[in-house]
Each structure stands twice: as structure tokens, then as C-alpha cells.
Amino acid sequence: MQAAAPTLLARGATMLVSMDAQRRELRHAGLFARNGIIEQVGPDETLPATADIVLDLSHQILLPGLVNCHHHLDQVLTRNLPAGQNAALFAWLAAHYRVWARRTPEASRTATLVGLAELALSGCTTVFDHAYLFRNGCRIDDQIAAAAEIGMRFAASRGAMSRGQSRGGTPPDECVEDEDAILADSERVIARYHDPRPGAMLQVVLAPCSPFSVTERLLRDSATLARSRGVRLHTHLCETMDEERYTLGRFGKRPVEYMQDLGWVDADVWYAHAVHVNDREIATLAAHGTGVCHCPTSNMRLGSGIAPVMRALQAGVAIGLGVDGSASNDGSNMLAETRQAMLLARLALGLETNIAPGRERQAAAWMSARQALELATRGGAAVLGRDDIGALEVGRRCDFFTLDLQTIGYAGGLADPVAAVVFCAPQPARMTVVDQRIVVQDGRIVTVAMQAVVAEHNRHAQLLAARA
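Worth saying up front: this structure is predicted, and the values here are computed from it rather than measured.

A closer look at the overall build of the protein
A count of helical and extended segments in the protein gives 14 helices and 19 strands. For 468 residues, the compact-globule formula gives about 23 Å, and the C-alpha radius of gyration of the protein, at 21 Å, lands near that figure. Principal-axis analysis of the C-alpha atoms gives the protein an extent of 65 × 55 × 45 Å. A burial count over the protein gives 59% of its 468 residues as buried. Considering only contacts within the protein whose residues lie at least 6 apart along the sequence, 76% involve residues at least 24 apart. When the accessible surface of the protein is split by element, carbon and sulfur atoms take 52% of a total near 17,200 Å². The positive charge centre, built from 45 side chains, and the negative charge centre, built from 50, are 1 Å apart in the protein.

Following this line, the structure appears as C-alpha cells:
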């Protein structure tokens, strides 16, 4: 990909949402960046007069790039698979495991490009992907190459499954890997790809899939390896009651206690979901700095439940947002996920009010549009352990997106344009910039010829669906 020009000036935005320490919202404002780093944020008249690239953001709102903390990009190949349309998590997984195992490296490339393009078109600039099934020659390298091709900031997981059905796990035996091979490849991937420096475009995370698909040994050894190499840890946890019944029945412990005993409750860990956690477990996560990625659409789609996000936030848990798998969401739209997080928190409040009347009159009980945006920006950055993204602030990376405020979708809603971004139906990004490089311009991906990618991707998906 072509290197970014040394300087960039984005000016004339109707509104700039900084998400900086003061949460400033500036009218008729913009930013100036040099070599991927923001040097100035402020009203237009305070910015330099020119730069190598000058962007006119008239009639647009300028926001920090959104951070997606949990995804399964390969699942873009199996969106809307009929066998999984009306199923809870364990049955849904059973419908998909063998299909995913048949994907090829070529299919993995198109899935990654399609998923990342969809995310970029919704304002996302940083993506964590949880890949954990490697068969048919597929490697995490396939996705890493595709992310570089499109130009997204990427956190790649060397995930894994090692406990097959014959050993009491949920995946078929032919879908799991040998644990020594998993650990050896984890070492390889970290050594080859992980960039620990501020501004990194690529980092590696170790991410055994779940308590019901890996062994205690793999969880312990992955944690030891990750900490010796300075990389973060991630897994699914407390997603469904089926999972809770599994850990209670097999280990005599609830999921959080089980993971804590294995060294997986700490500040370098974050979990996807945390739907079924009680107040004591929330306090445990907060005390140890363990993060959570909230995935509201997937939780709704699979009937998993409603995560206690507001209680966790009030307890001090770091929370970000994730679109989750494209086959348990069927979309990769971070603005839609941000809106869904706000709405689902309000539904939870309504259900709570039935038990504790009057709570709806407490302002702090409501998730606001700005809180939802904060989860999608600063919140996600914190969950990924990064302080160089998630806000438009001097010293942070130049990751941002804009939305056209003159669209039909915002008409009549501009008394508060910041809240309109969340309350109104999600609109496509007009422009998305990652590390000062333009990825979306005038609502189109400009780094990859997506029409050909989509056509190839649909061929791969049709082949997989025909054998499902």
C-alpha cells in the first residue's frame, strides 16, 4: 500500500467529536496530522493553512475511528446459513464447525477483505479478529496479509480449539489441533508479526476459543507464553447458560472462577460477551482490570441474554464493543453495533424497572448516545490495551471517519448531531482514514477493488453452503 503523505489537514467539519480527556465537541473544526500522528485538533482558524493532503469536511461530522474488539472475519463466508438461522449458541456452532473447517486460504482472504471493508464503511479503523479454526492449509497469515492489503489497523489472534468431542468438548475431533502444534505456531506468529510499539498497525493476541473447546493445559500454557512475549489474551466467556452449565458440570466452577484459577483474570485479558456474570464476578473483573467486549447483536441473534453493561461500567470494568461473528450477527457494522448497545441497555433498564420501580427515573441508569460512542472508541482502545487510538487528541494516531449530515437519515435530527449518529439509523461513512491513509473516500473503499473481491467471495461462500 502506498505510504501516507507527510501531512494531512482535515478542516471545515460541522462538528468534531474528540473523545479526548475533556470530551470536547467542536463546531467548524478539524485536525492536522504529520506522519500518522495528530499534532493539532481545534477550530478551523487555529489550524495550519495547508498540508500535503487537504480534506474539506463541509456538512460532515468528524469522529474518532471506531474500535471493534471482537470479530470472526472468516464467518463472513457463512452469513445467514439456513441450518443456523434459528438456533442458540451450541446448536449454532454444531451447524457451522465442519463448514468453517472446509474453507481455503483463498476463501479466508476474501472473507477478511469483505468483513474489513464493511467495517471501514461503518467508520471502524481498528479490528481485532478471533480466528481459531485452522484446516485446509489456512493460517492466520492469510488474514494478516488481507488486512495489510486494505489498510486497516489489525489485531490478529492465534486462536485455537484443542478439546474435541471425544474429550468432552463441543467441536468435532476433526476441527481441533494438537496443543504442542498450537503453541509452536503461536510462538512463530508472535515472533514474525507482533509489533509492540505505539502506532502499531499489526499486533498479535493469543486466544484459545472457549472453556468448552480447549483444555486447562492450553489455557495455562497460552497465558504463560503470552506474558513471556508481552502479548494480550482473549477468549469467549459467560456467553450463555449452556456454557455455565458446562463449567459447573465438568469443573464444579462458574466460568469466571474457572478462568481465574487458570491465571486468566488479569489486566492483560479481555473476554467476549460476559452476559451471565453476577455482581461478585463483575467486582472481580473490575479489581483485576480485566476487560469485556460487549456484542449486543450477536447476543440477541442467538438468544444468549442481555449483558449487564451499565452495572459493569459503574463498577469500573473496561468495556468495548464488537460486531462478533458475521454468522452470528450477519453484518459487520460498528455504527449499528453502537446503536444496538444503547438500545439493549435501555431494554435491560425496562426489564429491571419491572422489578425495581423508579429506577428509570435515575439519569445514571440510562445509556446515552455519547456513552455508546465512548464504548466504541476510547472504550475499545482501553480493552485492547492501547492509548494511541480511540480519540482525536494530540499525540494519538490519525484514525478518523466522517458522516454526511445532509443525508435523508439525519434529516430532522440535527438539533444534536452527535446523538443523531447513534439515535438515527446508521449511515455509511463518507470518509475513513487509518493512520493518515484514506481507506474510504466518498463512501467507497479506495484501497482494494472490492467488486472483484465480492464476486470471488460469493463463489467461495456458495461452495461451502452447498456442502453444509
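A word on the packing of helix α2 (residues 105-120) against helix α3 (residues 140-150)
For the pair α2 and α3, the least separation of the axes is 9 Å and the interaxial angle reads 40 degrees. Considering their axes alone, α2 and α3 lie oblique with respect to each other. By crossing handedness, the relation of α2 to α3 is classed as right-handed. Contacts between α2 and α3 involve Pro105, Ser108, Arg109, Thr112, Leu113, Leu116 and Ala117 from the former and Asp142, Gln143, Ala146, Ala147, Glu149 and Ile150 from the latter. Looking at side-chain class alone, the contact of α2 with α3 contains 7 nonpolar, 3 polar and 3 charged residues.

Regarding unusual backbone geometry
A negative phi angle is the norm for most residues apart from glycine, just as the trans form is the norm for most peptide bonds. Phi angles above zero are rare outside glycine, and histidine 28 is one such case at about 50 degrees. Checked against the element boundaries, histidine 28 lands in strand β2 (residues 25-34). The class for histidine 28 is exposed, based on a relative accessible area of 52%. Look at asparagine 136: it is not a glycine, yet its phi comes out positive at around 60 degrees. Among the structural elements, asparagine 136 can be located in the loop between β8 (124-129) and α3. A relative accessible area of 48% means that asparagine 136 is categorised as partly exposed.

Concerning α2
Relative to the 22 Å expected for 16 residues at 1.5 Å per residue, α2 spans 22 Å between its end C-alpha atoms, a close match to the ideal helical length. With 12 of 16 residues buried, α2 lies mostly within the body of the structure. If you check which residues of α2 are buried, you get Ala107, Ser108, Thr110, Ala111, Thr112, Leu113, Val114, Gly115, Leu116, Ala117, Leu119 and Ala120.

Describing the packing of α3 against helix α4 (residues 179-193)
Where α3 contacts α4, the axes come no closer than 11 Å and their chain directions differ by 20 degrees. When the axes of α3 and α4 are compared, the pair comes out roughly parallel. You can see that α3 and α4 cross each other, and the crossing is right-handed. Counting all contacts with α3, which are made through Ile140, Asp141 and Ile144, the residues of α4 involved are Arg188, Val189, Arg192 and Tyr193.

Considerations on the side chain of aspartate 268
Tracing the sequence through the fold places aspartate 268 in the loop between α7 (255-261) and β12 (269-273). Take aspartate 268: its relative accessible area is 16%, and that puts it in the buried class. The contacts of aspartate 268, once residues within four sequence positions are left out, are Arg227, Arg232 and Leu233.

A closer look at the side chain of threonine 78
With respect to the secondary-structure elements, threonine 78 resides in the loop between β7 (71-72) and α1 (89-101). Apart from residues lying up to four places away in sequence, threonine 78 is in contact with His96, Val99, Trp100 and Ala327.

Points about the state of the cysteines
Here the structure, examined in full by the defined rule, presents 0 disulfides. A disulfide-free cysteine, cysteine 138 has its sulfur positioned 12 Å from the sulfur of cysteine 175, the nearest such atom. Here cysteine 398 stays free of any disulfide, with the sulfur of cysteine 124 as its closest cysteine sulfur at 16 Å. Of the residues examined, cysteine 398 reaches a relative accessible area of 0% and is grouped as buried.

As for the packing of aromatic side chains
The geometry of an aromatic ring pair is captured by two quantities: the separation of the ring centres and the angle between the planes. On inspection of all chains with the given rule, the structure shows 7 aromatic pairs. With a centroid separation of 6.3 Å and an interplanar angle of 90 degrees, the aromatic rings of tyrosine 97 and tryptophan 100 are classed as edge-to-face. Here tyrosine 97 and its partner tryptophan 100 are both found in helix α1, 3 residues apart, which amounts to about one turn of the helix. Assessed through its relative accessible area of 2%, tyrosine 97 is described here as buried. Classification of tryptophan 100 as buried rests on a relative accessible area of 6%. In textbook terms, an aromatic cluster arises when at least three aromatic residues are bridged by ring pairs, as seen for Phe90, Phe212, Tyr246, Phe251 and Tyr258.

Thoughts on the environment of alanine 365
Within the secondary structure, alanine 365 sits in the loop between α11 (334-355) and α12 (369-383). As for alanine 365 and alanine 348, which are separated by 17 residues in sequence, their C-alpha atoms are 10.0 Å apart.

A word on the pattern of salt bridges
If you walk through the whole model with that rule in mind, you get 38 salt bridges. Arginine 98 is the salt-bridge partner of glutamate 174, the closest N and O atoms lying 2.6 Å from each other. Linking glutamate 174 in the loop between β9 (153-160) and α4 with arginine 98 in helix α1, this pair joins segments that are 76 residues apart in sequence.

Concerning the nonpolar core
Residues Ile61, Met152 and Trp264 are the most contacted members of the largest nonpolar core, which totals 122 residues. It is α2 that contributes the most residues to this core, 8 residues altogether. Judged by nonpolar contacts, the second largest core, of 19 residues, contains Ala13, Leu16, Leu57 and Leu392.

Rules behind the numbers
- Residues numbered from 1 in each chain as written.
- Predicted model: local features only at pLDDT ≥ 70, side-chain atom pairs only at ≥ 80, totals over all residues.
- Heavy atoms only, no water.
- Helix = DSSP H or I, 4+ residues; strand = E, 2+ residues; numbered from the N terminus.
- Rg over C-alpha atoms; globule rule 2.2 N^0.38 Å.
- Buried < 20%, exposed > 50% of the residue type's maximum accessible area, 1.4 Å probe, protein only.
- Contact = heavy atoms within 4.5 Å.
- Areas by Shrake-Rupley, 256 points an atom, 1.4 Å probe, with all protein chains shown as cover.
- Lys, Arg positive; Asp, Glu negative; His and termini not counted.
- Charge placed at Lys NZ, Arg CZ, Asp CG, Glu CD.
- Axes fitted to C-alpha atoms, helices over the stretch in contact; angles between N-to-C directions.
- Parallel < 35°, antiparallel > 145°, perpendicular 65-115°, else oblique.
- Left-handed = near helix turned anticlockwise from the far one by under 90°.
- Nonpolar A, V, L, I, M, F, W, Y, C, P; charged D, E, K, R; others polar.
- Expected span 1.5 Å × (residues − 1).
- Disulfide = S-S within 2.5 Å.
- Phe/Tyr/Trp six-rings, centres within 6.5 Å; stacked < 30°, edge-to-face > 60°.
- Salt bridge = Lys/Arg side-chain N within 4 Å of Asp/Glu carboxyl O.
- Core = buried A, V, L, I, M, F, W, Y, C linked by side-chain atoms within 4.5 Å.

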